[in-house]
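Coordinates in review
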Amino acid sequence: MIESLSASFPLTFPVPTPFTHPSLISLNDLHREEDLLRNPSSFRQWWSAINTTREAQNALLKLEPPSDKSPDTDTLLGPLASPVACQSLQRLTYLYEAALVNFAGSFKLWKSYLQMRISYVLGKQLTRKKVGGKKRLPDIKDALEGEQEDLEQWDGGLDGVIGWEEWKALVATFERSLMWLPKLPRLWLMYLSIFSHPKCPPVLSHSHARRTFDRALRTLPPSLHHRIWVRYLLWSESRGGLTTFAVYRRYLAIDPSVTERYVALLLSPSNPSPRPLEAAKLLLLLSKKAARGEYVSSEGKSPYQLLGDWLEVVEAHAEEVGFSIEELVSVEVADDTGDRDAKDLQQLHNDNSLIRFAGPPTTIDTDGKPAPIYNEDEDPNSPRKLDIEKIVRKDGLAVYKDQAGQLWTGLATYWIKRGEFDRAKETFETGIASVLTIRDFTQIFDAYAEFSESVISALMEELADPDEEDEDFDAKETEEELDAKMREFEELMDRRPFLVNDVLLRRNPNDVQEWEKRVALWGQDDEKVAETYTQALSTIASRRATANLHRLYINFAKFYEEGGTTGEAEADLASARKVLEKATKVNFKNVEDLAEIWCEWAEMEVRHENYDDAIHVMQRATAVPKNTKVNYHDHSLPVQARLFKSLKLWSFFVDLEESLGTVDSTKAVYDKIFELRIANAQIIVNYAAFLEENKYFEESFKIYERGVELFTFPVSFEIWNIYLSKFVKRYGGSKLERARDLFEQALEKCPPKSCKPIFLMYAQLEEDHGLAKRAMSIYDRATQVVENEDKFEMFTIYIAKAAANYGLTATRPIYERALEVLPDRQTAKMCLRFAALERKLGEIDRARAIYAHASQFCDPRTSPEFWAEWHSFEIDTGSEDTFREMLRIKRSVQAQFNTEASYLAAQALAARQGAEKSTDEVALDPMAAAERQLSGRKTGPAFVSAKQQQPPKGGDELAQQSPIPQVVGNADEIHISDERYLIVIGVVCVVLSCFRYLSVLTTAFKHRVKDKIYNLIGYPTDQPRFHINLPTLHPNCHLQEMVVPPTCWQLSGMPQRRCHDCARYRQVECAAPRNAGRATECQTPR
């Protein structure tokens, strides 16, 4: 069957003609042939004839009935399964060949001809939709990925065995086209694409394809090689084996950017013969080049990541890549000799002299520089294995010190894979002993523990299920090995805290806190504790140590003093003194650290009742040098040179002298402190108290006086306070003049902020032992001198003392001066007290005048208690006129404070003070209630809603007696009858309407009429006026309470307005539009 099917091929060789195949030309084609014979040089005639014939043949193919051949036959023959297709191929071939005789150099004709031949041999080409365009010159990585997606795919195709002759004829046609057009890459790419067809004969798709790729590279210019190399590399990957390796090696010689892709191919699971050694050498070479900046990874990997990939290859293929221990011994000897030769050669390379007169010849590169020294570990063609440990130490640990944990773990894993467990254990121990971070330590320790557990598990499984065929198996020996491994594992777990501490101390050997932890880890092992203390003190550099280095010396001394950690040993004071003596010579960072060493030494002597030794130690510590002009804060000097100015040391010495010494010795120490000028206020107080305890009162007062001379306020205030209280307590009134001088001296330079207690003490002295008149004068001075925050309290005390000494009437001038001096808020409080005093004295008019004076400082929204008290005062003692005057003043003050900022501040203050009532107690207007219900909150939105208040308790009797509680707009409104209310409203509306529409009235007349209306409704005319928006009244306008909303009175045709600020007739602008919904005020006059 195969022979019968292949007998009909080739169809296109030799080229079919009408002489060999009469069926190529029909009667309908004679006219076309005559035209072509008549015009053989017309390309248009040939191209038209070819297109017409192609379209006719395609139509015949569509009308052809189904084939009667078997499906297998159709699959083998592909596009040439039908006779019509074979005849179409021959007809088109005849036309194309005839045209090429005249136009052999036409790329258009050759391309069309080859595409036609490909379609009949390779089948229908499948095209995929693409999104976006290609880069013009992409890098090789992107080009390979893009070309992999764009590789041609065909539907069907002629079988390579049956249609071998036709395949060969197609290749011959391509060869002829390239003979005429060898420099066109499009023809080469079409030619090379047929070798990727799945039915391409092996003879063509292997050796012939490789030679064709090579010919294309030799023929085309170098600028077009990248288009061929992409196809060449993809074709080699599809073939695999040695072909892939050979092609990639050739390409890597000119472009190493695809090395990582090549490494992946070398280690691919589909690769029948992987080459891990070559892959490892390539990755090592890339890592070194990337570290030197000579290579940039196409995958975006860093040099360390490339080294990590190399380490993974080494771990996975330990036997094939690295040397064993036996091989390393022989290799290291040869490497020593090679390293010496390479070092000499490198020295020659590094010689910058122009002429070299001796030495072996050196290779240079294209730039004239010495070529890099040949390294067999970087040569992928070399079969020599790698020294993994040497590479990890040299190229890994020495370069990437922050990744030591992973590198040590990888090296140990390599030895585990080779079965060298002892070498792996040694590697783990070396890594743990060299890392500097907890992260690296954790990686190594976890891998070490996992390795130990795996070994123990393997031994336990071997004991549980022994291999009977193994003659060398010894259960007892295995059990002993298992016990040894278990002990090693337990010791490893017990060592973990010490190993962590070692890591931290290697990172910073001057970390005092870690040395203390090291001491605590040893517990009750006194020998190790002493050894650790000794090692710490010899290791730590005092100037770079962390905080509390002196505590390390103190704790070491206490270790000897207490007889070890358990206290069972005998106390060794001699060793403790040696430790402290050594500590006194250390140049600490701070003087206070050295001072604490001396203090601890003295305390140790006191604890053991060596009092003389303690005094002697402190005398040594406080020895004053000849040059006392030393700056205590000069850190360029050692701490020993500045120690004599340590107040902490002298304070301890003073305490020791007070406890163990005499009065004279203690006074000498105190005097030395004063002489060195290092005393503070506490030293002054302590020295005076010490002298007072020993009955040296006058001397203690002298110390106080020295203290107030040394220090200024506010420090001297405390000294004065103690000094004056002690003096008054001691002498009382016996030395009154001297006490007065001291008080005057204290008040002379005392700032206002601190003088209040001194004034009170001074006045109390005069009250107890002097004259009341002088006491009152002192209080009077105090009210003038103290801070504003203290003046109210000072006036309160002054008034109380004046009332007690001279009666209530004597306090009136004090109250009057207080009202002049105090700030506004405190003035209101003082006015309330002043008014209460006048009420007690029966001066009602004076009290009312005081209330009126204080009203200007009290906003009704923020000071409701003041107005409530005035309200009750008028109810109790006033008349209708005085009550109305109080309401008038309240409205005026409220208008004065009625600005948006003050209103919001008043609301915030009232909310903080809890002045707002709950919604159950205060009736809201319907709109506010609806908004609050919609929002679901008790507090309103961003605007401030109006609210109505209930009348106060004890107010109008009619409001109290009303059976139905009514909500009124103002708590202080005056109720008028309905008849009078209607009359007033009518008159107002009529008159004001006349004002709006009758422009004949004069301005003065209109304002006189308006004043009459104000007098009729009880509104005072001497107060600032507000204007009414007409003709619609503002909904909040309550005429019954004589409150006119602060809106503009817009009168058409009247250029003059009356401003409520100055009550003068000027031309002003209205800030609100006509009939505005809310009240606004007039702007500033033009």
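To be clear, the structure that these remarks concern was listed above.
Residue positions are given per chain, counted from 1 along the sequence in the order it is written. Local features in this predicted model are restricted to residues whose pLDDT is 70 or higher, and side-chain atom pairs enter the listing and the counts only when it is 80 or higher, whereas totals over whole chains, interfaces and linings include all residues. Hydrogens and water molecules were not included; the side-chain quantities draw on all heavy atoms of the structure.

**Structural notes on helix α39 (residues 812-821)**
Under the scheme applied here, a residue whose accessible area is under 20% of the maximum for its type counts as buried, over 50% as exposed, and between as partly exposed, the area being computed with a 1.4 Å probe on protein chains only. Strands are runs of DSSP state E lasting at least two residues, helices are runs of H or I lasting at least four, and both sets are numbered from the N terminus onward. All buried positions along α39 are accounted for by Arg-812, Ile-814, Tyr-815, Ala-818 and Leu-819. Across the axial projection of α39, the buried residues extend over an arc of 160 degrees, all falling on one side. Residue contacts follow a heavy-atom distance rule, with two residues in contact if any of their heavy atoms lie within 4.5 Å. If you follow the buried residues of α39, they end up packed against α38 (788-806), α40 (824-840) and α41 (844-855). Directions drawn from the helix axis to the C-beta atoms are what define this arc.

**Points about a negative patch on the surface**
Like-charged residues are merged into a patch within 9 Å and nonpolar side chains (Val, Leu, Ile, Met, Phe, Trp, Tyr) within 5 Å, provided each residue has over 30% relative accessible area and no salt bridge. Reported accessibility uses the Shrake-Rupley method at a 1.4 Å probe radius. Residues are deemed covered only where the shown protein chains occlude them. Here, a salt bridge means any side-chain nitrogen of Lys or Arg that lies within 4 Å of a carboxyl oxygen of Asp or Glu. The convention is simple: Lys and Arg are positive, Asp and Glu are negative, and His and the chain ends are not counted. Lys charges are placed at NZ, Arg charges at CZ, Asp charges at CG and Glu charges at CD. A contiguous patch of negative charge, built from Glu-462, Asp-474, Glu-477, Glu-479, Glu-480, Glu-481 and Asp-483, is present on the exposed surface. Top element by residues in the negative patch is helix α22 (residues 475-507). It accounts for 5 residues. Among the secondary structure elements, Asp-474 is positioned in the loop between α21 (438-464) and α22. Note on Asp-474: relative accessible area 37%, which makes it partly exposed.

**Remarks on the pattern of salt bridges**
Across all of its chains, the model carries 54 salt bridges by this definition. With its nearest N and O atoms 3.4 Å apart, the salt bridge here joins Arg-393 to Glu-389. Here the residue Arg-393 and the residue Glu-389 both occupy positions in helix α18 (residues 388-397), the gap between them amounting to 4 residues, near one helical turn. Residue class for Arg-393 comes out partly exposed when judged on its relative accessible area of 38%. Its salt-bridge partner being Arg-518, residue Asp-502 comes within 2.7 Å of it at the nearest N-O pair. Of this pair, Asp-502 sits in helix α22 while Arg-518 sits in helix α23 (residues 512-522), placing them 16 residues apart in sequence. Sharing partners across several salt bridges, the network here consists of Arg-551, Glu-596, Glu-600 and Lys-648.

**Brief notes about the packing of α23 against helix α24 (residues 526-539)**
An axis is simply a line fitted to the C-alpha atoms; with a helix, the fit covers only the stretch in contact. Between two such axes, the angle follows the N-to-C directions and lies from 0 to 180 degrees. For the pair α23 and α24, the least separation of the axes is 9 Å and the interaxial angle reads 170 degrees. One finds that α23 runs roughly antiparallel with respect to α24. The crossing of α23 and α24 is right-handed. Contacts between α23 and α24 involve Trp-515, Glu-516, Arg-518, Val-519 and Trp-522 from the first element and Lys-528, Val-529, Thr-532, Tyr-533, Gln-535, Ala-536 and Thr-539 from the second. Broken down by class, the residue content of the contact of α23 with α24 amounts to 6 nonpolar, 3 polar and 3 charged. Note on angle classes: values under 35 degrees are labelled roughly parallel, values over 145 roughly antiparallel, values of 65 to 115 roughly perpendicular, and the remainder oblique. Put simply, a crossing is left-handed when the front helix is turned counterclockwise from the back one by less than a right angle, and right-handed when it is turned clockwise. In the scheme used here, Gly and all other residues not listed as nonpolar or charged are polar, with Ala, Val, Leu, Ile, Met, Phe, Trp, Tyr, Cys and Pro taken as nonpolar and Asp, Glu, Lys and Arg as charged.

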